[in-house]
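Spelled out, the chains give:
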Amino acid sequence: MSVSPHQRLEQLGITLTPPSPPAAAYLPWVQSGNLLFISGHIAKHEGAPWVGQLGRELDTATGQSAARSVGLDLLATLLAATGDLNRIHKVVKLLCLVNSSSEYTEQHLVANGCSQLLEEVFGERGKHARSAFGASQIPRGACVEIELIVELTSGETS
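Criteria and cut-off values
Residues numbered from 1 in each chain as written. Predicted model: local features only at pLDDT ≥ 70, side-chain atom pairs only at ≥ 80, totals over all residues. Heavy atoms only, no water. Pairing = 2+ DSSP bridges. Helix = DSSP H or I, 4+ residues; strand = E, 2+ residues; numbered from the N terminus. Axes fitted to C-alpha atoms, helices over the stretch in contact; angles between N-to-C directions. Patch = residues over 30% accessible without salt bridge, like charges linked within 9 Å, V, L, I, M, F, W, Y side chains within 5 Å. Areas by Shrake-Rupley, 256 points an atom, 1.4 Å probe, with all protein chains shown as cover. Salt bridge = Lys/Arg side-chain N within 4 Å of Asp/Glu carboxyl O. Buried < 20%, exposed > 50% of the residue type's maximum accessible area, 1.4 Å probe, protein only.

(A) Summary view of the sheet that holds strand β7 (residues 144-152). Strand order in the open sheet formed by five strands is β1-β2-β7-β5-β6, and the pairing between neighbours is mixed. On the outer flanks of this sheet lie β1 (29-32) and β6 (129-135), each paired with one strand and no other. With direction set aside, neighbouring strand axes in the sheet form an average angle of 15°. With six bridges joining them, strand β2 (residues 35-42) and β7 adopt antiparallel strand pairing. From the neighbouring strand, His-41 faces β7, where its bridge partner is Ile-146.

Next comes the structure, spelled out in structure tokens:
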């Protein structure tokens, strides 16, 4: 018998908090067919935007921690959208934007913070395609922003 995403979260000692409402004129998620598109979430530290630029104020390990924190917020939004993380058939695609200096080239390693969390929680279903880009700035000065596409099993979102 396989372990559910909820059981994996419990094993990891993770309790998801309710997602934050959108900060501008957009929806937190949109479903099209069996695909669920999750809007970009910025990194937060102690409830405030996790501000800084990789390659200047922040190092890669800190960026990975920030990306993992975004992953936790994405999971909370997935739970709010579906009502049950067991409805996630497959994590399809992750897009990671990293607020980074022009010399910084480890955006792909920063994105691992979120990618590894999704695999820890969903197992094989959490392995996904991915892009990671450097950006000269991200909303509210955040160091990382990530958006997500997942495939659902069946049924309606909340």
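(B) View of the pairing of β1. Across four bridges, β1 lies against β2 in antiparallel orientation. The residue bridging Trp-29 from the neighbouring strand is Ile-38, located in β2.

(C) Quick look at a nonpolar patch on the surface. Residues Leu-27, Val-30, Leu-35, Phe-37 and Val-92 make up a contiguous nonpolar surface patch of roughly 380 Å² in combined accessible area. Structurally, Phe-37 can be placed in strand β2. On the accessibility criterion, Phe-37 (33% relative accessible area) is partly exposed.

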